[in-house]
Amino acid sequence: MRALLFDGFGQLPYIGEISIPEPVSPDQCVIKVEATGLCRSDWHAWMGHDPDINIFPHTPGHEFSGTIHSVGTGVRKYKSGDRVTVPFVCGCGHCNECRSNNAQVCPNQWQPGFSGPGSFAEYVAIPNADFNLVKIPDLIPFDLAASLGCRFATSYRALALIHPPQPREFVAVFGCGGIGLAAIMIAKSRGAQVIAVDISMAALEFARQSGADYCINSNEVDPVVEIKSLTNFGADITVDALGSIGTAQACVQSLRPRGHHLQIGLLPPLVIKDRASVGMHTVIAKELHMHGVHGMSAAEYPGMLADIESSLLQPEKLISGRITLEQAPAALIAMDSDRSPGMTIIKP
């Protein structure tokens, strides 16, 4: 099969031929990838910001959908030909976190594209299939399903499950890439007044189309000052959808007393190093609520899929481009400099 590979961190990615995986344990399944999302986390993987990657050549990719190609002898809920998607965090299915529907923080988790080979390939193997797979409704196309696995599902858990905004509350979203656009759409669906912050006018225009009521270009004005002016006391909820020390700090500074901050954007340890991400003195003085959000388990997908089937949420509007697997190496390299709005889907 064809797969995107790199032989070391930062080394030039390429398309190579490798063997189609087979179920190596009874609980595994192999999925034929129909669509997979290109995410900034894949760029972090390529750059060496994740210590889980230690076998090369490596194939990234962690948000995808497809049809089941083969199943292990112990898989009971799924069969060849089923249309499925997978959360980017696969749980063990047995620990306390998994049993409480919190597989996204399973201490024994396995992540495609990080813990092992990922979905930038024609086929990918997934462990604990009965626990981790999600059937895709017939009316949901593969492209849309692939866009859910990381960015959209994580934003959904943040703003629909962890801390849903109340109608007319102010939600400020810093960063209008895939995570940010999803957060904007979900917050707006709950009746919030949404403030989008980015440095790109193209991204802000996409944010407005996704439901943002106000758009702030942080290259032109201080977003903290602007948010406090719009809201009088500060936002009720802030979302760091980029994952940088600067955006995390600005989010905290933009909150009203006793406000809620949702950290969705990835801040890898090698990026943070020894620098504090936020001013804890501000967190204490204003009694702020801080929430890290690390994905969503397969058990929570039915609510999100129901919102999509009812058209309350329309994540297909966030897909801005489709590319081939042969185009993926260049697109991966460009992720740190190319700030094109929306989500890119790879069609292997």
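Residues numbered from 1 in each chain as written. Predicted model: local features only at pLDDT ≥ 70, side-chain atom pairs only at ≥ 80, totals over all residues. Heavy atoms only, no water.

Draft legend 1. Quick look at the state of the cysteines. Enumeration according to the criterion identifies 0 disulfides in this entry. Here Cys95 is not disulfide-linked; the sulfur of Cys98 is the nearest cysteine sulfur, at 3.7 Å. A relative accessible area of 14% places Cys95 in the buried class. For Cys150, which is in no disulfide, the shortest distance to another cysteine sulfur is to Cys39 and amounts to 4.1 Å. Residue classification places Cys150 among the buried residues on the basis of a relative accessible area of 7%. (Disulfide = S-S within 2.5 Å. Buried < 20%, exposed > 50% of the residue type's maximum accessible area, 1.4 Å probe, protein only.)

Draft legend 2. Summary view of the environment of Leu148. Mapped onto the elements, Leu148 comes out in helix α5 (residues 148-162). With 90 residues separating them in the primary sequence, Leu148 and His58 have C-alpha atoms 23 Å apart. Apart from the residues within four sequence positions on either side, Leu148 is in contact with Ala153, Tyr301, Met304, Leu305, Ile308 and Pro315. (Helix = DSSP H or I, 4+ residues; strand = E, 2+ residues; numbered from the N terminus. Contact = heavy atoms within 4.5 Å.)

Draft legend 3. Structural detail: the pairing of strand β6 (residues 123-126). Neither face of β6 is open: one carries Tyr123 and Ala125, the other Val124 and Ile126, and all of them are buried. Examined bridge by bridge, strand β3 (residues 29-38) and β6 share 4 bridges and lie antiparallel to one another. Note on β6: the bridge partner recorded for Cys29 is Ile126. (Pairing = 2+ DSSP bridges.)

Draft legend 4. Region of the structure containing unusual backbone geometry. The amide bond that connects Phe56 to the next residue, Pro57, takes the cis arrangement and shows omega of 0°. When you line up the elements, Pro57 lands in the loop between α1 (40-47) and β4 (64-71). The phi torsion at Asn101 lies on the positive side, around 65°, for a residue other than glycine. Assessed through its relative accessible area of 34%, Asn101 is described here as partly exposed. At Ser311, a residue that is not glycine, the phi angle is positive and equals roughly 70°. Among the secondary structure elements, Ser311 is positioned in the loop between α12 (301-309) and β14 (319-324). Since its relative accessible area comes to 46%, Ser311 is described here as partly exposed.

Any functional reading would require information that these geometric values do not contain.
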